[in-house]
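# Topology and contacts: notes
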Amino acid sequence: MFQNQQITEDIFYVGVNDRQKHKFENMIPLPVGVSYNAYLIMDQKTALIDTVDISMGDIFIDKIQSQLQGRTLDYLIINHMEPDHSGSIRLIRKYYPDLVIVGNSKTISMLDGFYGVENNTKEIKDGEILSLGTHKLQFHFTPMVHWPETMMTFDQKSKVLFSGDAFGSFGTLDGTVMDTNMNIDRYWDEMIRYYANIVGKYGAAVQKALQKLTPLDFDIICSTHGPVWKEYISEVVDMYDQLSRYEGNEGVVVVYGSMYGFTELMAETVAQGLSQGGIKDIIIHNVSKTDSSYILRDIFKYRGLVVGSPTYSNELYPEVESLLRKIEIRGVKNRIFGYFGSFTWAGAAVKRLSTFVETMKWETAEISVEEKQGLKEINYQACLELGRQVAKMVKKPIERKEHCG
Ligand SMILES: Cc1cc2nc3c(=O)[nH]c(=O)nc-3n(C[C@H](O)[C@H](O)[C@H](O)COP(=O)(O)O)c2cc1C
Ligand SMILES: [Fe+2]
Ligand SMILES: [Fe+2]
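Just so you know, these numbers come straight off a predicted model, no measurement behind them.

Procedures and definitions
- Residues numbered from 1 in each chain as written.
- Chains lettered and ligands numbered in written order.
- Predicted model: local features only at pLDDT ≥ 70, side-chain atom pairs only at ≥ 80, totals over all residues.
- Helix = DSSP H or I, 4+ residues; strand = E, 2+ residues; numbered from the N terminus.
- Rg over C-alpha atoms; globule rule 2.2 N^0.38 Å.
- Buried ≥ 20, exposed ≤ 12 C-beta atoms within 10 Å, placed from the backbone.
- Core = buried A, V, L, I, M, F, W, Y, C linked by C-beta atoms within 7 Å.
- Domains from an automatic or database assignment.
- Contact = placed C-beta atoms within 7 Å.
- Pairing = 2+ DSSP bridges.
- Right-handed = clockwise from strand over helix to strand, strands pointing away.
- Near = placed C-beta within 6 Å.
- Nonpolar A, V, L, I, M, F, W, Y, C, P; charged D, E, K, R; others polar.
- Axes fitted to C-alpha atoms, helices over the stretch in contact; angles between N-to-C directions.
- Parallel < 35°, antiparallel > 145°, perpendicular 65-115°, else oblique.
- Arc of directions from axis to C-beta.
- Left-handed = near helix turned anticlockwise from the far one by under 90°.

## Focus: the overall build of the protein chain
- Within the protein chain, the regular secondary structure consists of 12 helices and 23 strands.
- The C-alpha radius of gyration computed for the protein chain amounts to 24 Å, which stays within 12% of the reference 22 Å derived for 405 residues, consistent with globular compactness.
- Across its three principal axes, the protein chain shows a C-alpha extent of roughly 80 × 40 × 35 Å.
- Counting only residues that meet the buried cut, the protein chain has 49% of its 405 residues in that class.

## Some points on the nonpolar core
- Tyr-39, Val-252, Val-254 and Val-270 are the most contacted members of the largest nonpolar core, which has 122 residues in total.
- Composition of this core by domain shows at least three residues from each of domain 1 (5–244) and domain 2 (251–395).
- Leaving out residues up to four positions away in the same chain, Tyr-39 has contacts with Ile-7, Ile-11, Phe-12, Tyr-13, Val-14, Ile-49, Phe-162 and Cys-222.

## Considerations on the pairing of strand β17 (residues 249–256)
- Of the pairings in the sheet, the one linking β17 to strand β19 (residues 302–312) comprises six bridges and is parallel in character. Directly across from Val-254, in β19, lies its bridge partner Val-306.
- Here β17 pairs with strand β18 (residues 282–286) via five bridges, running parallel. When the sheet's bridge partners are listed, Val-253 is paired in β18 with Ile-283.
- In this fold, the crossover linking β17 to β18 by way of helix α8 (residues 262–276) has right-handed handedness.

## Points about the site of ligand 1
- Contacts to ligand 1 come from 18 residues, most closely from Ser-258, Met-259, Tyr-260, Thr-263 and Phe-343.
- Of all the secondary structure elements, the ones that give two or more residues to the shell around ligand 1 are α8, β19 and β21 (336–343).
- The residue inventory of the shell around ligand 1, partitioned by class, reads eight nonpolar, nine polar and one charged.

## Observations concerning the sheet that holds strand β15 (residues 160–164)
- Reading across the sheet, the five strands line up as β12-β13-β14-β15-β16 and stay open at both edges, with mixed pairing between neighbours. The sheet terminates laterally at β12 (129–131) and β16 (220–223), the two strands that pair on one side only. Strand-to-strand twist of the sheet, defined as the mean angle between neighbouring strand axes without regard to direction, takes the value 25°.
- In this structure, β15 lies alongside β16, joined through four bridges in parallel fashion. Its bridge partner lying in β16, Val-160 is registered against Ile-220.

## Observations concerning the packing of helix α5 (residues 185–199) against helix α9 (residues 292–301)
- Contact pair α5 / α9: the axes reach a minimum separation of 8 Å and the direction vectors enclose 95°. Judged by the inter-axis angle, α5 sits roughly perpendicular to α9. Taken together, the residues of α9 that come into contact with α5 (itself represented by Asp-189, Ile-192, Arg-193, Tyr-195, Ala-196 and Asn-197) are Ser-293, Tyr-294, Leu-296, Arg-297, Phe-300 and Lys-301.
- The residue inventory of the contact of α5 with α9, partitioned by class, reads six nonpolar, two polar and four charged.

## What to know about the environment of Leu-137
- Mapped onto the fold, Leu-137 is located in strand β13 (residues 136–141).
- Leu-137 sits in the buried class, given 24 other C-beta atoms within 10 Å.
- If near-sequence neighbours (up to four positions away) are discounted, Leu-137 is found in contact with Ala-47, Ile-77, Ile-129, Leu-130, Leu-132, Thr-153 and Asp-155.

## Re the domain arrangement of the protein chain
- In terms of domain boundaries, the protein chain breaks down into domain 1 (5–244) and domain 2 (251–395).
- Put simply, the middle of domain 1 and the middle of domain 2, counted by C-alpha atoms, are 38 Å apart.
- At the junction of the two partners, domain 1 supplies 11 residues and domain 2 supplies 10 residues.
- Of all the elements in the fold, those that place two or more residues in the side of domain 1 that touches domain 2 are β5 (28–29) and α5.

## Side note on helix α4 (residues 105–115)
- Listed as buried for α4 are Thr-107, Ile-108, Met-110 and Leu-111. Within α4, the buried residues cover an arc of 165° as seen down the axis, which keeps them to one side. Residues of α4 that are exposed and point more than 90 degrees away from the buried face comprise Ser-105, Asp-112 and Gly-113.
- For α4, the elements touching its buried residues are β10 (100–103) and β11 (121–123).
- Remark: Gly-116 follows α4 within two positions and exhibits a positive phi of approximately 65°.

## Notes on α9
- For α9, a buried count of nine out of 10 residues is recorded, marking the element as mostly surrounded by other parts of the structure.
- When α9 is considered as a whole, its buried residues turn out to be Ser-292, Ser-293, Ile-295, Leu-296, Arg-297, Asp-298, Ile-299, Phe-300 and Lys-301.

## A closer look at the sheet that holds strand β1 (residues 5–8)
- The seven strands lie next to each other as β1-β2-β7-β8-β9-β10-β11, forming an open sheet whose pairing is mixed. Edge strands, defined here as strands with exactly one partner in the open sheet, are β1 and β11. Strand-to-strand twist in this sheet, taken as the mean axis angle between neighbours without regard to direction, amounts to 25°.
- In the sheet, β10 pairs with β11 via three bridges, with the strands oriented parallel. From the neighbouring strand, Ile-101 faces β11, where its bridge partner is Thr-121.

## Here we look at the packing of helix α6 (residues 203–213) against helix α7 (residues 233–244)
- Where α6 contacts α7, the two axes come as close as 8 Å, and the packing angle between them is 140°. In terms of their interaxial angle, α6 and α7 are classed as oblique. Between α6 and α7 the crossing geometry is left-handed. Across from Gly-203, Val-206, Gln-207 and Leu-210 in α6, the residues of α7 making contact are Tyr-240, Asp-241 and Ser-244.
- Residue classes in the contact of α6 with α7 are distributed as three nonpolar, three polar and one charged.

Below, the structure is given as structure tokens:
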């Protein structure tokens, strides 16, 4: 029944859209859904690249059967074992018991660990080639993008790179899967949000992978989430290069927590100072209102970050604390930082923010602002000055560091 979308003459899209899940990894909101992409290569041998989340297993099997038209499925290539892709392996094995599952040693071990699947597996080495007839699939290990077993599969015949989660994006695929057939504008921010939240910690591993992939000369990238890239390949590769170097654009994110508006007023004032300093991209986030996945997206996008917090039971405001922890976990590098806070009887927030930036080893504005109770003239001026200082630092040209390895 299904007319699967064609990527090349004999490569077909058999992935699915998930418009039901509210939060990816039970944490990251999915207002525009997500796709789990899988691909079928029809050659003398047939090969499936990755599977999908088990919640969509039924429709996935139907799509594969529609394409195979009674032929058997010879290989399943596993680029990544996270269950949003490996979840339907046991199901597909039931339909195709002779299926050979192909992966590296770490994949094979996880296959047993997660699903108890031990037999009919084929362990491949880095650089090894598997022939399907006319298609020769070459495997390139890309560890820690973003799990240890992650690899990419390059089809030498059609110059297609099956990249796993790399170059992936949130957002369903509506009616078509190729970037050439759609207005891709709505995906850019979702792609950065995906990167910042899922891959963000592994910048060095992404840089290594990019160096390894560059000589491959691919024409199409088939990732496991979001559009198939053909027309915009250079843009998505450049975006990954920039994000994995932790190179932000000229702009500043101001994040604050506030219960009654005192710290919020300071944030508004800092933003005014940023504008006086010539910054055009100023994004203010109320940490209690905007989901942290969006705040992290913008922190990856822009070079400047200013954080403000009230003191709360002798600590940072808990929502600010939680965000800082997420930034620490990702090891975000090379940011220009500023901070401010407020208190009523004994301030602790500003001190905690200074400890945070010491651990991050970021360049920091000389001035920080701490107000007792309502914002007064002297600290109003200091907030403006903090904004101007951060603006000046952000606008200073940066030297591009070579691959950080
Ligand atoms: C639950 C709660 C706990 C607080 N804990 C402290 C504290 O430990 N030390 C302090 O100096 N002020 C404390 N404060 C006062 C706030 O830090 C202070 O009023 C601040 O300016 C509020 O800023 P906001 O309006 O941006 O939330 C607390 C306030 C609340 C509501
Ligand atoms: Fe993943
Ligand atoms: Fe994934």
